[in-house]
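Spelled out, the chains give:
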Amino acid sequence: MQTKSPSHSTSSSSLPKRKKRYIGYALITTLALILPFITINGHQLFLLSFVHKELHLLGVVFSVQELYLMPFLLIMLFVGIFFMTTLGGRVWCGWCCPQTIFRVIYRDLIETKILGLRKRISDKQKKPDFSLFSNKLKKALGVVIFACLSLVVAADFLFLFMPPSEFFGYIADASNHTIAVGSWLAIAAFLTLDVTLMAEAFCIYACPYARVQSVMYDDDTLMAIYDSSRGGAVYAPNGAKNELAPKKQNPANECTNCVACVKVCPTHIDIRKGMQLECINCLECVDACSEVMAHYNRPSLVQWSSPNAIATRSKVRFFRLKTIGYIAVLCVIFAILIAMSGKKEPMLLNVDRNTQAYEIRKSGAVDNYYTFLFQNTDIEPHDFYFEVVGNDDIRILEPSEPVRVEPNGKVKKAVALRVQNPLDSALESKDLREKLIIRAYAVDNDEISVERESFFVYPSKKRLEAKARR
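Please read these numbers as outputs of a predicted model, since none were measured by experiment.

Draft legend 1. Representation of the nonpolar core. Core analysis: the largest hydrophobic core is formed by 31 residues, its most contacted members being Phe372, Phe374, Phe386 and Leu417. Contributing elements (two or more residues each) for this core: strand 12 (347–353), strand 14 (366–376), strand 15 (382–389), strand 17 (403–405), strand 18 (410–419), strand 19 (432–442) and strand 20 (445–458). Leave out the neighbours within four places in its chain, and phenylalanine 386 touches Phe372, Phe374, Ile396, Glu398, Pro399, Val415, Leu417, Ile438, Arg439, Ala440 and Tyr441. With 19 residues, the next largest nonpolar core counts Tyr226, Cys265, Cys285 and Val286 among its residues.

Draft legend 2. Local environment of a nonpolar patch on the surface. Residues Leu31, Leu33, Ile34, Ile38 and Val152 make up a contiguous nonpolar surface patch of roughly 400 Å² in combined accessible area. Broken down by element, the residue count for the nonpolar patch peaks at three residues, all from helix 1 (residues 17–34). Residue placement: leucine 31 occurs in helix 1.

Draft legend 3. Examining the pattern of salt bridges more closely. What the rule picks out here adds up to 24 salt bridges. Notably, a salt bridge pairs aspartate 108 with arginine 107, separated by 2.9 Å at the nearest N-O pair. Looking at arginine 107, the relative accessible area reads 4%, which means it is buried. The salt bridge partner of glutamate 254 is arginine 298, with a shortest N-O separation of 3.0 Å. Here glutamate 254 is found in the loop between strand 9 (243–244) and helix 11 (260–263), whereas its partner arginine 298 is found in the loop between helix 12 (284–294) and strand 10 (302–305), with 44 residues between them in sequence. The class of arginine 298 is partly exposed, set by a relative accessible area of 36%. Through salt bridges with shared partners, a single ionic network connects Arg18, Arg21, Lys124 and Glu284.

Rules and cut-offs
Residues numbered from 1 in each chain as written. Predicted model: local features only at pLDDT ≥ 70, side-chain atom pairs only at ≥ 80, totals over all residues. Heavy atoms only, no water. Core = buried A, V, L, I, M, F, W, Y, C linked by side-chain atoms within 4.5 Å. Buried < 20%, exposed > 50% of the residue type's maximum accessible area, 1.4 Å probe, protein only. Helix = DSSP H or I, 4+ residues; strand = E, 2+ residues; numbered from the N terminus. Contact = heavy atoms within 4.5 Å. Patch = residues over 30% accessible without salt bridge, like charges linked within 9 Å, V, L, I, M, F, W, Y side chains within 5 Å. Areas by Shrake-Rupley, 256 points an atom, 1.4 Å probe, with all protein chains shown as cover. Salt bridge = Lys/Arg side-chain N within 4 Å of Asp/Glu carboxyl O.

Structural measurements only, silent on function.
As structure tokens, then:
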């Protein structure tokens, strides 16, 4: 897919990218808030519960024994990040990242629009005058407002790890759930300090993504880019800032040096000096330059384009070897994920042998003891029982009745197996461990069954004969 280079058209008549971002932020925020409350068959779309050792994914529940899907989800996540960065640069940072959304809410909405602490959204470089008591009061009020929002955000984040109903129950009984409540308050406190104090310094110095994203760029990656062939190169002799090369060196210099693109930058960079790791691709500079150049009936000097498209005045190349390779890898991983998730077992069974090896009865019979953990992963309750496959000599003593297990429930049962005539299989002088295949099944549904392996221990003939003589 290719698109026309934006260097051939003005963007003053279209919706500013800032407003497009605001619309995107509103949609992402709404989705994030309602996502934990959307359920399929009573299960969340996504929930990673450490308490219940379960993963809910698109309404399907996977127990800790079925977390073989997690590596594929993580691989898809990282490959997806590489693909997105190669294609659109730090588009995640400017358009989807929670840090950016929170900063826009705090700086542009709370501080600027609601409290009037900042005069204009288009001038992010000018700091409020905190020598005025009224501004200090506004700052404190802004922090309090965002702290309240942080509590909501922190709760919504925890909903990914505990169901909302459980979370609200923990809050109501805070004294008995100090870890859950403490985590909620700690996350809210971190968000408040991060957004109100660290601000964009988190993106510049703390976020590891800024350090690795430039490695994934190429000359066809979309980014906020300054057209130096039209605007002139920027240099800084003697430490001076925002100074353009003289027009005599570049007769086509169209930049008015209004520094509107610099004032509006949230990370305080000059986009005219080329790609910088601090740039988060928010495209505020594109809007700022578009507004200024519209007065001259000229397209913006700062474009959301690629170096190749700007240099050749051609179309942006979205499909190239690198991006096609990422797409292919993502498709393969997704296909494997779908295939493996389709093999989900409707029941699970853990078979553990007790520490007691065996017990020889007065009749000469030998008993082995086990602990079975039945888990129903279906959405309906079932009665489970089991049988020994391929060995008619072994019979079940306990339990004598099927085990009732509710949906997503677990039931642990003590199991005793007996061989009435062990001398037929026993060795002369040492114990024998014989492979055992257990088939567990749902009594009320022939399609539900699983097999597990264990072993049955036969005492040696010497032990059996010695026991019989007593």
